[in-house]
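Coordinate inspection notes
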Amino acid sequence: MPTTSSFNVVQNASKKPTMVDTPSMNLAPPRPSPLDEFASLGQEMMKHCLKPNADPRSPSQISSISRVPSDKSLKFKLDACIKCFEDVDRERNMLRSAAIDKICEILKACQIVTVSEIYKAGSLKKGTSIATSDVDLILVSEDLPTTQQWTWMPKLLILLEGVLRLSRLPISNMSMTRFSLQFVTDDDVHVDLLPTSAELWKMSLDERQHKRKSADPKEHPYWSASFAKDSCYRMKKLTESAPLTGLIRLVKRWRMAVPWDAGCTPHKYCLEILMIYSWRCAEGNIEEAFTKFWNLCAAPANLSITVTDQPISKTAPVVLDCVDPTNNLASQFKWYQLEKHAALISKKPELFFSVFYSPKKEEDEMATLSLN
């Protein structure tokens, strides 16, 4: 297994060829360059990327790209798919930012608790968000205790729900988990609001990790919000390469496009860690990283992955959180369906791209491969 210590991968940027002015009457029609062909494919795919008046979160919406030519290399296909989604994600992130700013203003002005900070976390902060990504907001308050969160968190979430309803912001579908308030804006931005104690928030990572180990195990699930800033910072450092963030976004889109059995939807953070590890193993080669990722997913019984120097003492499959080594991301979903998909994609990478243009065709091809 390759070392998990950090290192830099250097890639040579491809240069666009220059053209020399020549009398056009003596020239045959110029052949399109690879860059022109790439741009043409990206534009063709973009035409089918978003359907008018469709829910951008639905699998049918995600699965609406025209077919990637089968005669192209794996690198070409990956680059084309990554490129074609860039504008969609960029536009969506702008809409999200405007909607979230309004919500933050309302929450900062509320009188229920003293709000020290509202931190925009998750994939939006890490730079790996896609058009359908949720937005995580960490509400930091000096008034919140550091223990027995299960006693005061439900009451706080109910009060925060009341504040948002009274604000008359265009939000809907409010619901609560044990540690967050979830809702949707009129721009279809899905928000998770997670309160945490300022005392925990201000601790160093080492102090927080040490305190968590000595805390009541019942409190452990409530601590994730306090690790958000450290997690975003580390993941941002680990995903500085543009092709790597493109791969992560692409796998997230694939995850959204595939129908999953109950409890089988892969944890997004787990997939991010696996792709970062694969990228390191491949030393920045996009094709090799893609192949390595699916080989890892196809053999969960052998998974023992960390992108930090933390020792691993758990039973496989193990994919450790990069800031909280007690959090095994691989234990948070059932692997059998992802394992099956990964085994088939490892044999035939075209199946990965097919979910973006023809889910029915993918099901037929997967069934055929399963029989062989």
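These notes cover the structure that comes with them.

Definitions and cut-offs
- Residues numbered from 1 in each chain as written.
- Predicted model: local features only at pLDDT ≥ 70, side-chain atom pairs only at ≥ 80, totals over all residues.
- Heavy atoms only, no water.
- Phe/Tyr/Trp six-rings, centres within 6.5 Å; stacked < 30°, edge-to-face > 60°.
- Helix = DSSP H or I, 4+ residues; strand = E, 2+ residues; numbered from the N terminus.
- Buried < 20%, exposed > 50% of the residue type's maximum accessible area, 1.4 Å probe, protein only.
- Lys NZ or Arg CZ within 6 Å of the ring centre and 35° of its normal.
- Salt bridge = Lys/Arg side-chain N within 4 Å of Asp/Glu carboxyl O.
- Core = buried A, V, L, I, M, F, W, Y, C linked by side-chain atoms within 4.5 Å.
- Contact = heavy atoms within 4.5 Å.
- Axes fitted to C-alpha atoms, helices over the stretch in contact; angles between N-to-C directions.
- Parallel < 35°, antiparallel > 145°, perpendicular 65-115°, else oblique.
- Left-handed = near helix turned anticlockwise from the far one by under 90°.
- Nonpolar A, V, L, I, M, F, W, Y, C, P; charged D, E, K, R; others polar.

Quick look at the packing of aromatic side chains now. Applying the stated criterion across every chain yields a total of twelve aromatic pairs. Each ring, one from Phe290 and one from Phe352, has its centre 5.1 Å from the other, and the planes form 75°; the classification is edge-to-face. A residue pair is termed long-range when its members are at least 10 positions apart, and Phe290 in helix α11 (residues 286–297) and Phe352 in helix α13 (residues 350–354) qualify at 62 residues. The pair formed by Phe290 and Phe352 is uniform in burial state, with each residue classed as buried. Connected via pairs of aromatic rings, a cluster forms that spans Trp254, Trp260, Phe290, Phe293, Trp294, Phe352 and Phe353. Directly above the aromatic system of Phe227 lies the positively charged group of Arg208, at a separation of 5.2 Å from the ring centroid. Sitting above the plane of the Trp150 ring, Lys218 keeps its charged end 4.1 Å from the centroid.

Taken as a whole and judged by the stated rule, the model has twelve salt bridges. Taking the shortest distance from any N to any O, the salt bridge between Lys202 and Glu142 comes out at 2.6 Å. Of the two residues, Lys202 sits in helix α6 (residues 198–202) while Glu142 sits in the loop between β2 (135–141) and α5 (149–166), which places them 60 residues apart along the sequence. Classification of Lys202 by relative accessible area gives exposed; the value is 60%. Of the charged contacts, one joins Asp324 and Arg212 as a salt bridge, the two residues approaching to 3.2 Å between their closest N and O atoms. Here the residue Asp324 occupies a position in the loop between β7 (318–319) and α12 (336–347), and Arg212 occupies one in helix α7 (residues 205–214), the gap between them amounting to 112 residues. Assessed through its relative accessible area of 7%, Asp324 is described here as buried. Looking at Arg212, the relative accessible area reads 9%, which means it is buried. When salt bridges that share partners are traced, they join Lys126, Lys252 and Glu272 into one network.

Once that is clear, we can look at the nonpolar core. Formed by 59 residues in total, the largest nonpolar core has its most connected members in Trp254, Ile273, Leu274, Trp294, Leu338 and Phe352. Of all the secondary-structure elements, those providing two or more residues to this core are α3 (74–109), α9 (242–257), α10 (268–281), α11, α12 and α13. If one sorts the elements of this core by residue count, α10 sits on top with nine residues. Non-local contacts of Leu338, meaning those with residues more than four positions away in its chain, are made with Trp254, Trp260, Pro266, Leu271, Trp294, Cys297 and Phe333. Listed in part, the 29 residues of the second largest apolar core include Cys104, Leu156, Leu164 and Tyr222.

With that settled, the discussion passes to the packing of α11 against α12. At a minimum axis distance of 7 Å, the contact between α11 and α12 shows a crossing angle of 140°. One way to sum up the angle between α11 and α12 is to call them oblique. For the pair α11 and α12, the crossing hand works out as left-handed. Residue-level inspection shows Phe290, Trp294, Asn295 and Cys297 of α11 in contact with α12, the latter providing Leu338, Glu339, Ala342, Ile345 and Ser346. Looking at the contact of α11 with α12 residue by residue, the class counts come to six nonpolar, two polar and one charged.

Taken by themselves, the reported measurements are silent on function.
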